[in-house]
Every structure is written in structure tokens, then in C-alpha cells.
Amino acid sequence: MNVERRDSIKPSVSQTQLGLPQEEVGPQTKPFLINRWQVYEAFRRVKANAGSAGVDKQSIAEFEENLKDNLYKIWNRMSSGGYMPPPVKAVAIPKKSGGDRLLGIPTVSDRIAQMVVKLEFEPDVEPHFLPDSYGYRPGKSALDAIAVTRKRCWKYDWVLEFDIKGLFDNISHELLLKAVDKHTDSPWVRLYTRRWLTASMQLADGSVVQREKGTPQGGVISPILANLFLHYAFDKWLQKYHPNKPWCRYADDGLVHCRSEAQANYMLQVLRQRFEECGLELHPEKTKIVYCKDERRTGNYHHTAFDFLGYTFRRRGCKDSKTGLIFLGFAPAVSKHALKEMRRKIRKTRIRSRTDWSLNEIAGFINPVVRGWLSYYGAFYRSEMYRLIRHVNKTLVRWAMRKYKSLRFSKHRAVALMERIAQQKPDLFVHWQKGMKGAFA
């Protein structure tokens, strides 16, 4: 478990450069003793994460123009107990299932203040989280969750796939604060966590609404608070009352593996009741019981596949690594929805119309994106990513047809050109490397 301790933060600039007080010893004049370097480290991490402006419309670049004064104000107000979070900015983003989800975007200053508290609180709470909780945790990833789920689907015939409806909007403040108080005796962590939970939200029309439950999705501190809430609402509860049921959770998406359909139905019933007791609700459409059908499991059931973290688990042809024989296994591969989203993002770049760019410039533009996709979605059943690779290649062909007059009405010649370039410069595009060149036509 890789959680950076508070006392391990090393300064990279002087306190004078930051405009922070020189004295580190002597009488304590502030109610709260907050490490001054923690404020700078918080800024550094917020800057690395980028993000848009909040209600004050101040960008990270604008904040940095007066870095000394801005960091000093945050440190001074937090140390004195006078820091009051501004409203978060409501931003609607489309959900995969349709409709919109409201994100609460804090100001840059508020994100830094939240990061200060996170750096203080995370080392206290992280060691208590269970191994099968994967979301928003240091040293854990979505691919880890996919890998352990793949293995368990081989051993267990049934899986209960669940999704919590509006988790971030419905967390009980009372229950959450009890959990926070249990894991920290820091008065300023407790104080500012309470203030952030009740911070108002400014809607697109300028109106401000108060919040009595939930923690804004988009806040720096929100993921760890959501994990803490579900640690007690689900993780520890399942470990205590159903210790023989393997499970995996990534934020509000989770799986419980079962031996039989009857067992899965029972778990659905008790899990629904448990979440209701905690003020949460299972999503009626995204929660289902799935039969892990493969070569050995031949029963006929309505649900024989499920999506989890951008992967679809279903029956597909697999190769035995020892014997080389092909068999039907229950395995993960990139989901259709994820492929559709990747193709949409490629189209949105309008690469085919960038006739003022060279091929090298296009490669520099899309390689980081495609590399990330291949690294994540190509980790399991990589051949399913050929659909994306072909889409990118066809986009490059269309670019060539628009850029060069001699190819404008000859797709065949444009394809031949791109194939020749791919042979001559196989390292130009990341998806041309390692035998993943793909078709151009």
C-alpha cells in the first residue's frame, strides 16, 4: 500500500519564494497547526491534475500569477479556522445511460484547501480500507479490479452486478461524519470536512442551492469520503455477515460472486435492504444477476454478460497458455460502448480536416491518447482493439485524400500510401507498433 505520509513531503522551493512565514518553531499563534509545505504540495498536485475554473472563473494559470499571496491566504485562513468554502460550480455532463450528471467544481483555491485536508486524512484512513476496494486508491487501479474479477468468474457461476444510484448525491452527512470522526482526531480535518459537505452549489442560471446530503462529485476530498462511507455501508458489512462471498468494488460499481442463482437472488435482497438502511438505493436498471456462461456452463439464462469499468465480460474464444488449445471461456474485453466513445473522440478531433498539419504533427497529437487507450483497454483480449485501430487508420486515409490533390479521388492510392508509410516508419504511430498496424481500407 503506497500512501505518502505527511512528514515525507519535501520542499522544492524556499518558504521565502512562497511567501510563507520563515519560522517553523516558536510559539504557536494559530488555532490549527497546519504544515506550510502541505499547502504548497497541495497546489502542486492540483496543478498536475489540471481542471476547469470554479464560480470565481479563476484558472490555475491565473492563480499562479500571484502564487505567494494566494498560497499564504489559504494557509493563513485554514490555520486560523476562518476558511469558508465558496459554492461549487454545477456542471452537467452526459451519463452513459442517458441524461445528465451534475458535477460540483470547486474553485482552484478550494481544490488546494481540499487537497491539504486529503493529504492529512488519507494516511489515517487508507490502511483501514479492504483489499477488494479499488476506486480512487493509491497503488490500486481499475485493471487490478478487472484482473481479480476475471479469475473469480472462472470459479463462481454467478455474479451479482450492482450500481448505486446517485451515490455522491445521497451520502448521509450524519453517518459519514461519524466515520470521519472515528478515523481522525484532527480538529481542522473534522471542521473543514463538515464545511465542505454543506457548501452550497451554484447552478448554471446563477441561483444557489443548499445541500443537506451528498458530497459534490468533482471535489478533491469527495472520492475518499465516498470510499469511507461505502467501507462501512458495504465492504465491512459484507466481510462480517457474508465472509464467503468474494466481492469487488470500484467506487459505486460493485460485484458479488455467488455459487448459485438462489444465492445471488438472496444477496440482491439483503444488499438492497442494507443500502436502504444507509440512505442509498440500488440502480434498478444497472443492477442484475448474471450467469457466467462458458464452455462448462451450458445453462440458458437471460443475462450472460455484464459490463464493468469499460470492459464486457462474456463467453468468448480463449487460448490455453499451456496447451495452445482454443476453448470457450468467460473473459473480459473492451465494451462496445467504450469503443463507440473512443471513435467519437477521434471524430471530434477532426483530424481528417487538419490539412495544415504534417503526419508527424498528427502523430504527436493523437499518440498520447491512443497509447492510453491501448494500455487500458488492450490489457485483456487485445484483439478487440483492432476495431479502433482500423478506425484511426481510415481517418488517416481520409486526411491524406484531403491533403494531397493527387489522392483526392483515389482512395485506393491513399490506402497504398499510408500502408507504405507504415512499413517505412512503423514507430510513427503508437498503434502501428508491436504488430498492431491494422487495416487501412
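Above this text you will find the structure in question.
Residues numbered from 1 in each chain as written. Predicted model: local features only at pLDDT ≥ 70, side-chain atom pairs only at ≥ 80, totals over all residues. Heavy atoms only, no water.

Undergrad: Explain the nonpolar core to me, please; I cannot follow it from the model alone.
TA: Within the largest apolar cluster, 69 residues are counted, with the highest numbers of intra-cluster contacts made by Met78, Ile112, Trp188, Val256 and Phe275. If you tally residues by element for this core, the top one is helix α10 (residues 222-241), at 10 residues. When near neighbours in sequence (up to four residues on either side) are disregarded, Met78 contacts Phe32, Ile34, Tyr83, Ala113, Val116, Val117, Trp188 and Tyr192. Membership of the second largest hydrophobic core comes to 56 residues, among which are Ile146, Val159, Leu359 and Trp373. (Core = buried A, V, L, I, M, F, W, Y, C linked by side-chain atoms within 4.5 Å. Buried < 20%, exposed > 50% of the residue type's maximum accessible area, 1.4 Å probe, protein only. Helix = DSSP H or I, 4+ residues; strand = E, 2+ residues; numbered from the N terminus. Contact = heavy atoms within 4.5 Å.)

Undergrad: Explain the sheet that holds strand β3 (residues 158-163) to me, please; I cannot follow it from the model alone.
TA: Strand order in the open sheet made by the 4 strands is β6-β7-β3-β8, with antiparallel pairing throughout. On the outer flanks of this sheet lie β6 (247-250) and β8 (288-291), each paired with one strand and no other. Direction aside, the axes of adjacent strands within the sheet are offset by 20° on average. On the sheet, helix α6 (residues 142-155) packs against β6 and β7 (253-258) and is oriented at approximately 155° with respect to β6. Across the sheet, α10 is in contact with β3, β6 and β7; its angle to β6 comes to roughly 170°. (Pairing = 2+ DSSP bridges. Axes fitted to C-alpha atoms, helices over the stretch in contact; angles between N-to-C directions.)

Undergrad: Explanation requested: the pairing of strand β1 (residues 88-94) in the structure shown.
TA: For a regular strand, the rule is simple: side chains alternate between the two faces of the sheet. Inspection of the sheet shows β1 paired to strand β4 (residues 201-202) by 2 bridges, in the parallel sense. Looking across to β4, one finds that Lys89 is bridged to Gln202. Inspection of the sheet shows β1 paired to strand β2 (residues 100-105) by 6 bridges, in the antiparallel sense. Bridge pairing links Pro94 to Asp100 in β2.

Undergrad: What am I meant to see in the packing of aromatic side chains here?
TA: The description of an aromatic ring pair rests on the distance of the ring centres and on the angle between the ring planes. Per the counting criterion, the structure on display carries 26 aromatic pairs. Where Tyr72 meets Trp75, the ring centres are 5.8 Å apart and the plane angle is 45°; that geometry is what we call tilted. Here the residue Tyr72 and the residue Trp75 both occupy positions in helix α4 (residues 67-80), the gap between them amounting to 3 residues, near one helical turn. Among the aromatic residues, those joined into a ring-pair cluster are Phe32, Tyr83, Tyr192 and Trp196. It is Arg354 that lies over the ring of Trp357; its NZ or CZ is 4.7 Å from the centre. Note that Lys403 overlies the ring of Tyr404, its terminal NZ or CZ placed 6.0 Å from the centroid. (Phe/Tyr/Trp six-rings, centres within 6.5 Å; stacked < 30°, edge-to-face > 60°. Lys NZ or Arg CZ within 6 Å of the ring centre and 35° of its normal.)

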